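The chain contents come next:
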Amino acid sequence: MQDDDLTRDIAEVPAVELINTVAIHLLSAAAVKLGLGDGPDSATEVDLDEARKLINALAGLVTAAAPEIGGIHATPLRDGLRSVQLAFREASTIADAPGKGPGERFTGPVT
């Protein structure tokens, strides 16, 4: 496949699909870094610092994109985001203050 083919392909993909794809990748990566992966070594893949970064990026993307992509697409992304935010709280031995957890500057406190 030539570079021109790749450029044409990406040009044909709707923005909502690109946003959803990026969000799902961030969500999946955050889940893996929280030890929620499917593999037998998932517990050894825990890295809360990396998970925090991914959740922050996901929260920023979902919050900024929600008005553009509409509720039908934003709602499941928000649900997934909330799930990894709660999983982070459970996995962390040091509790963040309300509103200071990963992504909460974008979403508000998650309980």
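What you see is a predicted model; the values in this text were computed from it and never measured.

**A short note on the overall build of the chain**
(1) Moving on: In terms of regular secondary structure, the chain is built from five helices and zero strands.
(2) Moving on: The 111 residues of the chain split such that 30% are buried.
(3) Moving on: Across the chain, every contact between residues at least 6 apart in sequence was considered, and the portion connecting residues at least 24 apart equals 58%.
(4) Moving on: Carbon and sulfur atoms provide 57% of the accessible area of the chain, an area that totals close to 6900 Å².
(5) Moving on: Side chains of the chain carry 9 positive and 17 negative charges; the gap between the two charge centres is 12 Å.

**Points about the side chain of S42**
(1) Moving on: In this structure, S42 sits in the loop between α2 (15-33) and α3 (48-69).
(2) Moving on: The class of S42 is buried, set by a relative accessible area of 12%.
(3) Moving on: What S42 contacts, discounting residues up to four positions off in sequence, is G35 and G37.

**Quick word on the side chain of E104**
(1) Moving on: Summarising the element assignment, E104 is placed in helix α5 (residues 104-107).
(2) Moving on: Side-chain polar atoms of E104 contact the backbone nitrogen of G99, separated by 2.8 Å.
(3) Moving on: Sequence-distant contacts of E104, defined by excluding residues within four places in its chain, comprise Q85, R89, A97, P98, G99, P109 and V110.

**Overview of the packing of α2 against α3**
(1) Moving on: Where α2 contacts α3, the two axes come as close as 9 Å, and the packing angle between them is 155 degrees. By the angle between their directions, the pair α2 and α3 is classed as roughly antiparallel. In this structure, α2 crosses over α3, and the sense of that crossing is left-handed. Across from V16, I19, N20, V22, A23, L26, L27, A29, A30 and K33 in α2, the residues of α3 making contact are L48, E50, A51, L54, I55, A57, L58, L61, A65 and I69.

**Thoughts on the pattern of salt bridges**
Side chains carrying opposite charge are able to pair once their charged atoms draw close together.
(1) Moving on: Here the structure, examined in full by the defined rule, presents four salt bridges.
(2) Moving on: For R52, the salt bridge identified is with D96, shortest N-O distance 2.9 Å. Pair noted here: R52 is in helix α3 and D96 is in the loop between α4 (71-91) and α5, with a separation of 44 residues, a long-range link.
(3) Moving on: The partner of R89 in a salt bridge is E104, and the shortest N-O contact between them spans 2.9 Å.

**Observations concerning α3**
(1) Moving on: With 22 residues, α3 ought to run about 32 Å at 1.5 Å a step, and its terminal C-alpha atoms sit 29 Å apart, in line with that.
(2) Moving on: Helix geometry: α3 is bent most strongly at T63, by close to 30 degrees, with proline P67 lying one to four residues after it.
(3) Moving on: Listed as buried for α3 are A51, L54, I55, N56, L58, A59, G60, V62, A65, A66 and I69.

**Here's the deal with the packing of α3 against α4**
(1) Moving on: At a minimum axis distance of 10 Å, the contact between α3 and α4 shows a crossing angle of 160 degrees. Classified by the interaxial angle, the pair formed by α3 and α4 is roughly antiparallel. Regarding α3 and α4, the two cross each other, and that crossing is left-handed. Counted together, L48, A51, R52, I55, L58, A59, V62, A66 and I69 of α3 and G71, H73, A74, L77, R78, L81, V84, Q85, F88 and A91 of α4 form the full contact between these two elements.

Thresholds, definitions, all that
- Residues numbered from 1 in each chain as written.
- Predicted model: local features only at pLDDT ≥ 70, side-chain atom pairs only at ≥ 80, totals over all residues.
- Heavy atoms only, no water.
- Helix = DSSP H or I, 4+ residues; strand = E, 2+ residues; numbered from the N terminus.
- Buried < 20%, exposed > 50% of the residue type's maximum accessible area, 1.4 Å probe, protein only.
- Contact = heavy atoms within 4.5 Å.
- Areas by Shrake-Rupley, 256 points an atom, 1.4 Å probe, with all protein chains shown as cover.
- Lys, Arg positive; Asp, Glu negative; His and termini not counted.
- Charge placed at Lys NZ, Arg CZ, Asp CG, Glu CD.
- Polar contact = N/O pair within 3.5 Å; in protein donor to acceptor, adjacent residues only side chain to side chain.
- Axes fitted to C-alpha atoms, helices over the stretch in contact; angles between N-to-C directions.
- Parallel < 35°, antiparallel > 145°, perpendicular 65-115°, else oblique.
- Left-handed = near helix turned anticlockwise from the far one by under 90°.
- Salt bridge = Lys/Arg side-chain N within 4 Å of Asp/Glu carboxyl O.
- Expected span 1.5 Å × (residues − 1).
- Bend = angle between axes of the 7 residues up to and from the residue.

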